[in-house]
2 protein chains.
Amino acid sequence: MRITALCLLMSAAFVCVPLQAAERPVAIAIHGGAGTIEKSAMTPAQERAHREKLREALDRGYAVLEKGGSSLDAVVAAITTLEQSPLFNAAKGAVYTFDGHHELDASIMDGKTRQAGAVAGVQHIESPISLARLVMEKSPFVMLAGDGAEEFARSQGVPLVDNKLFDTKRRYEQLQKAKDKLKQERKDKDYQAAVQALPTPYKVGTVGAVALDKYGNIAAGTSTGGMTAKRYGRIGDSPVIGAGTFADNDSCAVSATGHGEYFIRYNVAADICARVRYRGESVAQAADEVINGVLTPVGGTGGVIVLDRKGNIALTFNTSGMYRASRSSSSPAQVAIFKDN
Amino acid sequence: MRITALCLLMSAAFVCVPLQAAERPVAIAIHGGAGTIEKSAMTPAQERAHREKLREALDRGYAVLEKGGSSLDAVVAAITTLEQSPLFNAAKGAVYTFDGHHELDASIMDGKTRQAGAVAGVQHIESPISLARLVMEKSPFVMLAGDGAEEFARSQGVPLVDNKLFDTKRRYEQLQKAKDKLKQERKDKDYQAAVQALPTPYKVGTVGAVALDKYGNIAAGTSTGGMTAKRYGRIGDSPVIGAGTFADNDSCAVSATGHGEYFIRYNVAADICARVRYRGESVAQAADEVINGVLTPVGGTGGVIVLDRKGNIALTFNTSGMYRASRSSSSPAQVAIFKDN
């Protein structure tokens, strides 16, 4: 039962005040990846382009919420905006695998129903987050991988696109640099050690969103091209429910970005929500404990965006920067990249 | 610092009693799947065969622990025994996909280091649990899928086997029955509804183990052929760290079996350990809350085996049976199938 108005009996008549405005906050937070992002290494034009695209994604998501749309719709609206941009490591701006193509992962979760959908290693899907949502809503499964996920897409009328659609010169040069580094390292190390020795920027990059709608439901979604020079059908944390994405109305919604293997092993998204739920921590405290208290000591780099049903938002990372933006009924739009803004 | 002996100063001389036996419990629990397992539907010979194979797997795992082997070694020893048997839904006894072949999933996790490895959708790997361990120990990744995972296997000298190796008459007949049921249902429903209408036995079946070694380290592993008539590269909970498998020395080790989609959405393995860690619950209490308190009301069927560093064991399920066995320093070997034994 939803309480929609506060009424007082005055002189034998009811006077009612609608509680909508006060009772129904909306909120959204988005990220475009965390990592070694230094102001000195960006031109003013690059910085402006990133800020503008983040703002555009934020506005699209927030507009959905303002119009009474669902948190799921807001998450998809924000993420598809970032997927379509070559600036971020997802879909159009996806990094290259070791073999020179693109393998995309995404997942989405509905905090109200705990329904979830995920796709891993898809190569011909223009919007992996939209396909993840179709998996959630139109299949009896949660997680589909590779060719099978694309066969499902076809069965739903989703067109398959050429993998070259995701080619960009910048990412191709990153792959060449990564392979050069791998070759140098491999003189005396195996592939495992060589990949681990790659600088953080080669291992991170993701987009994501979390949202709270006026019905009090939260949702989370994440989409990525994964790790530069990844091999062997590697699946990172982004499509793993509990690691890269999690949403539960009883605790919080999380989208993560960072060195995915750590986020899987430390069950990062769900662990933040477990601390909120079982210890009564705020989203900011829980996110700080997991990112700075758990991951930093073991060398896991990255960040998370988190929100709860009250519209509290945390944007937490242990890297020099995280592309991020947020807005809620009670706080204006904010866009930031570096630690201090 | 480990206390290895209790010493008393008596008449100016120390008398020491080694604390090894009391201080270093070992324990193991295994499962071979949960579901609608009725005594009336099994012949005495079938029941005996299942009990004997469970006992053999238990003994192999326990022998590793008794000899001072690691919990990881014990988990792999027990699971490979079940993988090689046609009686259980993993490797040799794997169910068929909709397209008539076998796609295998497995994962393993080390509670001491929180290292983990997982493979999903492999078709030519004789022991998926052993490959998951190689992913953990020899790759920089946690989760590998499909052809890529097999390319990694080859790079590690693991021979690829014919998918027909996993063919069994019993499972083939199960597939035909499942497809007949799907056809009937699809007269007026789509594939999603039809799969959801399939009886539980078509959707479950897994093997797994959790162990505690004399060094105080716990580990967990899970291996499966997945869901009968699965499609579209479906990945269940077994290879998803936090859902089907989880281990953390600070809380507990879990291997799950059941309708995997629910286990992913409810982050079952990690949620049990979160309740142990953040609420101070026993493994039995936490397992009961999640299986009977969370999953049963939403229709999620299955079970878990759980243990902690003290050697406490919980074998919890909300189905009519779960193939299971356990043994520890303080309790003799027990093998059971039905609710009451």
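Q: Help me understand the pattern of salt bridges in this model?
A: Working definition: two side chains of opposite charge can pair if their charged atoms are close together. What the rule picks out here adds up to 32 salt bridges over all chains. For the salt bridge of Lys39(A) with Glu47(A), the shortest nitrogen-to-oxygen distance reads 3.2 Å. Take Lys39(A): its relative accessible area is 51%, and that puts it in the exposed class. In this structure, Glu137(B) engages Arg133(B) in a salt bridge whose closest nitrogen and oxygen atoms are separated by 3.1 Å. With a gap of 4 residues between them, Glu137(B) and Arg133(B) both fall in helix 4 (residues 128-138), about one helical turn apart. By relative accessible area, which is 17% here, Arg133(B) ends up buried. A single network of salt bridges, built from pairs that share partners, joins Asp271(A), Arg275(A), Arg279(A), Glu281(A) and Glu289(A).

Q: Honestly, the sheet that holds strand 10 (residues 245-247) of chain B in this entry has me stumped. Any pointers?
A: Across a sheet, paired strands are connected by hydrogen bonds in the backbone, their directions being either parallel or antiparallel. Residue and element names in this part refer to chain B. The strand order across the open sheet built from 4 strands is 10-11-12-13, with neighbouring strands paired in antiparallel fashion. The open sheet has two edge strands with one neighbour each: strand 10 and strand 13 (313-317). Taking the axes of each pair of neighbouring strands and ignoring which way they run, one obtains an average angle of 10 degrees across the sheet. Summarising the sheet, strand 10 and strand 11 (residues 253-258) pair through 3 bridges and their orientation is antiparallel. The partner of threonine 245 across the bridge, within strand 11, is serine 255. Sheet strands touched by helix 10 (residues 283-298): strand 12 (302-307) and strand 13. Its angle to strand 13, the strand with the most contacts, is close to 15 degrees.

Q: Is there a simple way to think about the sheet that holds strand 13 (residues 313-317) of chain A in this case?
A: Residues and elements named next belong to chain A. Read across the sheet, 4 strands follow the order 10-11-12-13 without closing on themselves; strand pairing throughout is antiparallel. The sheet is open, and its two borders are formed by strand 10 (245-247) and strand 13, each paired with just one other strand. On average, each strand axis in the sheet is tilted by 10 degrees relative to the strand beside it, whichever way the strands run. Along the sheet, helix 10 (residues 283-298) contacts strand 12 (302-307) and strand 13; its crossing angle with strand 13, the most-contacted strand, is approximately 15 degrees.

Q: Explain the packing of aromatic side chains to me, please; I cannot follow it from the model alone.
A: Ring pairs (aromatic) are described by centroid distance and by the angle formed between their planes. Considering all chains together, one arrives at 6 aromatic pairs over all chains under this definition. Judged by centre distance (5.4 Å) and plane angle (65 degrees), the ring pair of Tyr232(A) and Phe152(B) falls under edge-to-face. Of this pair, Tyr232(A) sits in the loop between strand 8 (218-224) and strand 9 (234-235) while Phe152(B) sits in helix 5 (residues 146-155), placing the two residues on different chains. What makes Phe152(B) buried here is its relative accessible area of 1%. Positioned above the aromatic ring of Phe98(A), the side-chain terminus of Arg231(A) is 4.1 Å from the ring centre.

Q: Would you explain the relation of the copies chain A and chain B in this entry?
A: Mapping between the two copies of the chain is achieved by a rotation about an axis and a shift along the axis. Between chain A and chain B, the superposition needs a rotation of 180 degrees and an axial shift of 0.0 Å, giving an RMSD of 0.0 Å. Accordingly, the operation relating the two chain copies is best matched by a two-fold axis.

Q: Just to check I follow, could you spell out the packing of helix 9 (residues 268-279) of chain A against helix 10 of chain A for this structure?
A: To characterise two packed helices, one gives the angle between the axes of the helices and the distance between these axes. All names here are of chain A. Two elements in contact, helix 9 and helix 10, have axes whose closest approach is 9 Å; the angle formed by their N-to-C orientations is 130 degrees. In terms of orientation, helix 9 lies oblique with respect to helix 10. When the axes of helix 9 and helix 10 are compared, the crossing they make is right-handed. Touching Val268, Asp271, Ile272, Arg275, Val276 and Arg279 of helix 9 are Val283, Ala286, Ala287, Glu289, Val290, Ile291, Val294 and Leu295, all from helix 10. When grouped by side-chain class, the residues that make up the contact of helix 9 with helix 10 number 10 nonpolar, no polar and 4 charged.

Q: Before we go on, may I ask you to explain the interface of chain A and chain B in this structure?
A: For interface size, the figure often reported is the accessible area lost on association. Opposite the 46 residues of chain A that make contact, chain B presents 46 residues. Carbon and sulfur atoms make up 59% of the surface buried where chain A meets chain B, a total of about 4000 Å² over both sides. It is Tyr232(A), Arg265(A) and Tyr278(A) that lose the most area in chain A upon contact with chain B, and together they represent 21% of the buried surface on that side. There are 2 salt bridges connecting chain A and chain B. We note a salt bridge from Glu151(A) to Arg231(B), for which the minimum N-O separation is 3.8 Å. At the boundary of chain A with chain B, the tally comes to 14 residue pairs in polar contact (both at pLDDT 80 or more). For the side of chain A that touches chain B, the residue count by class is 23 nonpolar, 10 polar and 13 charged.

Q: Teacher, can you tell me more about the confidence of the model for chain A here?
A: It should be kept in mind that the predicted coordinates are not to be read in detail where pLDDT is low. Here chain A shows a mean pLDDT of 91. Residues at 70 or above account for 90%. For this predicted complex, the interface score ipTM comes out at 0.91, alongside a pTM of 0.91.

Q: Explain the pairing of strand 4 (residues 104-110) of chain A to me, please; I cannot follow it from the model alone.
A: For a regular strand, side-chain orientation follows a simple rule: the groups alternate between the two sheet faces. Residue and element names in this part refer to chain A. In terms of burial, strand 4 is a largely internal element, 7 of the 7 residues being buried. Judged by which residues are buried, strand 4 turns out to be covered on both faces: Leu104, Ala106, Ile108 and Asp110 on one side and Asp105, Ser107 and Met109 on the other are all buried. As defined by bridge partners, strand 4 adjoins strand 5 (residues 116-122) across 5 bridges and the pair is classed as antiparallel. For leucine 104, the partnering residue across the bridge sits in strand 5 and is valine 122.

What counts, and where the lines are drawn
Residues numbered from 1 in each chain as written. Chains lettered and ligands numbered in written order. Predicted model: local features only at pLDDT ≥ 70, side-chain atom pairs only at ≥ 80, totals over all residues. Heavy atoms only, no water. Salt bridge = Lys/Arg side-chain N within 4 Å of Asp/Glu carboxyl O. Buried < 20%, exposed > 50% of the residue type's maximum accessible area, 1.4 Å probe, protein only. Helix = DSSP H or I, 4+ residues; strand = E, 2+ residues; numbered from the N terminus. Pairing = 2+ DSSP bridges. Axes fitted to C-alpha atoms, helices over the stretch in contact; angles between N-to-C directions. Contact = heavy atoms within 4.5 Å. Phe/Tyr/Trp six-rings, centres within 6.5 Å; stacked < 30°, edge-to-face > 60°. Lys NZ or Arg CZ within 6 Å of the ring centre and 35° of its normal. Least-squares fit on C-alpha atoms with pLDDT ≥ 70 in both. Parallel < 35°, antiparallel > 145°, perpendicular 65-115°, else oblique. Left-handed = near helix turned anticlockwise from the far one by under 90°. Nonpolar A, V, L, I, M, F, W, Y, C, P; charged D, E, K, R; others polar. Buried area = accessible area lost by both parts, 1.4 Å probe. Polar contact = N/O pair within 3.5 Å; in protein donor to acceptor, adjacent residues only side chain to side chain. pLDDT = per-residue confidence, 0-100.

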